[in-house]
2 protein chains.
Amino acid sequence: MTHTACPLCNTPPGTLLWQDQDCFVILTDEPDYPALCRIIWRAHVKEMSDLTAAQQCHLLHVVMQVERVLRQLLNPDKINLASLGNVVPHVHWHVIPRFHNDRHYPNPIWGAACREPADSLAARVSVDALRQALTSALANHP
Amino acid sequence: MTHTACPLCNTPPGTLLWQDQDCFVILTDEPDYPALCRIIWRAHVKEMSDLTAAQQCHLLHVVMQVERVLRQLLNPDKINLASLGNVVPHVHWHVIPRFHNDRHYPNPIWGAACREPADSLAARVSVDALRQALTSALANHP
């Protein structure tokens, strides 16, 4: 169940942090949001409700561990979660640590910018620390 | 665990569609997205990962039933899911049926508009049909 034209069925850009047989987690290195993590379901499925209840809970569990680890490492003012997929209709989640002085706060990152890049916080996270914390958090996942 | 200044701890605007002891579902009647549904956790909790795993799965289950029902009733091109809360840090989810000719498609609804209101689809859904389908879908929820 892969689509050759789908970028998420091929190798998505970013640094691989964790994976299992169902999904994988990457650090995306977006310019304004270098700690934005993406959780990608392996199979080419369009909507969350196309997954079984067990698959939905498993994916949520991984998303929640990413959220927890980002909170521990960065102490953001807020976490934003989103699964949109208008451009790439293949189930994936964005976990975005937000700070009161980041580029768009309090707007969504897709909204109007509230400050210039030079005046913005683009919070970075250590790949090694993130990978280690996530591997530990998901070591005993269901 | 309520905050008097929090709009989601008071009566949020919209039409109540379904509720249980933990959360409730409202139809928001946003001008460009009149079928946008919001699922609001009752307790004033900031982040999804502040909930227990069981609470997270329950909330996801409700979100998924809202998604399913909106797909059945409106057959949207895509569903968008988001839990942001930068302005109102009280756990709530947006379930947004998206159409290729809605105001912002393929952008997120918080992004740049792609067409004028007069040239856009603002898909409406029957409150009665939505309430009935959701009540049925959630009749035997865990």
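Residues numbered from 1 in each chain as written. Chains lettered and ligands numbered in written order. Predicted model: local features only at pLDDT ≥ 70, side-chain atom pairs only at ≥ 80, totals over all residues. Heavy atoms only, no water.

A. Highlighting the interface of chain B and chain A. Counting from both sides, the interface comprises 33 residues of chain B and, opposite them, 33 residues of chain A. Across the chain B to chain A interface the summed buried area is about 3000 Å²; carbon plus sulfur atoms make up 53%. For chain B, the biggest contributors to the area lost against chain A are Ser49, Lys78 and Asn86 of chain B; these three give 21% of the whole. At the boundary of chain B and chain A, one finds 4 salt bridges. Between Asp50 of chain B and Arg71 of chain A there is a salt bridge, with its nearest N and O atoms 2.9 Å apart. (Contact = heavy atoms within 4.5 Å. Buried area = accessible area lost by both parts, 1.4 Å probe. Salt bridge = Lys/Arg side-chain N within 4 Å of Asp/Glu carboxyl O.)

B. Focus on the pattern of salt bridges. All names here are of chain B. Scanning the entire structure with this criterion turns up 12 salt bridges over all chains. In this structure, Arg124 engages Asp29 in a salt bridge whose closest nitrogen and oxygen atoms are separated by 3.4 Å. Taken as a pair, Arg124 in the loop between β5 (92-98) and α2 (127-137) and Asp29 in the loop between β2 (23-27) and β3 (37-41) lie far apart in primary sequence, 95 residues in all. For Arg124, a relative accessible area of 60% translates into the label exposed. For Asp29, a relative accessible area of 47% gives the class partly exposed. (Helix = DSSP H or I, 4+ residues; strand = E, 2+ residues; numbered from the N terminus. Buried < 20%, exposed > 50% of the residue type's maximum accessible area, 1.4 Å probe, protein only.)

C. Structural context of the confidence of the model for chain A. Per-residue confidence for chain A averages 94 on the pLDDT scale, and 98% of its residues sit at or above 70. Across the whole predicted complex the pTM is 0.96, and at the interface the ipTM reaches 0.96. (pLDDT = per-residue confidence, 0-100.)

D. Structural detail: the relation of the copies chain B and chain A. Superposing chain B onto chain A takes a rotation of 180 degrees plus a shift of 0.0 Å along the axis, which leaves an RMSD of 0.0 Å. Taken together, the rotation and translation describe the operation of a two-fold axis. A shared interface surface links the copies, since 100% of the contact residues of chain B are contact residues in chain A too. (Least-squares fit on C-alpha atoms with pLDDT ≥ 70 in both.)

E. Expanded view of the side chain of Ser83 of chain B. Summarising the element assignment, Ser83 of chain B is placed in strand β4 (residues 78-83). Here Ser83 of chain B falls in the buried class, since its relative accessible area comes to 7%. Within the local environment of Ser83 of chain B, its side chain forms a polar contact with the backbone oxygen of His92 of chain B, the two atoms lying 3.1 Å apart. Not counting residues up to four positions away in its chain, the partners in contact with Ser83 of chain B are Ile79, Asn80 and Leu81 of chain A together with His92 and Trp93 of chain B. (Polar contact = N/O pair within 3.5 Å; in protein donor to acceptor, adjacent residues only side chain to side chain.)

F. Summary view of the sheet that holds strand β5 (residues 92-98) of chain A. The strand order β1(A)-β2(A)-β3(A)-β5(A)-β4(A)-β4(B)-β5(B)-β3(B)-β2(B)-β1(B) describes an open sheet built from 10 strands, whose pairing is antiparallel. Of all strands in the sheet, those with a lone pairing partner are β1 (15-19) of chain A together with β1 (15-19) of chain B, marking the two edges. Within the sheet, the average angular offset between the axes of one strand and its neighbour, ignoring direction, is 20 degrees. The pairing of β2 of chain B with β3 of chain B spans 5 bridges and is classified as antiparallel. Within β3 of chain B, the position partnered with Val25 of chain B by the bridge is Ile39 of chain B. Packing of helix α1 (residues 53-74) of chain A onto the sheet brings it into contact with β1, β2 (23-27), β3 (37-41), β4 (78-83) and β5 of chain A, and relative to β3 of chain A it is tilted by some 165 degrees. The strands that helix α1 (residues 53-74) of chain B touches are β1, β2, β3, β4 and β5 of chain B; relative to β3 of chain B, the one it contacts most, it runs at about 165 degrees. (Pairing = 2+ DSSP bridges. Axes fitted to C-alpha atoms, helices over the stretch in contact; angles between N-to-C directions.)

G. Local environment of the pairing of β4 of chain A. Most of β4 of chain A sits inside the fold, with 6 of its 6 residues counted as buried. A two-sided burial pattern is seen for β4 of chain A, the buried positions comprising Lys78, Asn80 and Ala82 of chain A on one face and Ile79, Leu81 and Ser83 of chain A on the other. By the bridge criterion, 5 bridges tie β4 of chain A to β5 of chain A in an arrangement that is antiparallel. Across the sheet, the residue bridging to Lys78 of chain A is Arg98 of chain A, located in β5 of chain A. As paired elements, β4 of chain A and β4 of chain B share 3 bridges and run antiparallel to each other. Note on β4 of chain B: the bridge partner recorded for Ser83 of chain A is Leu81 of chain B.

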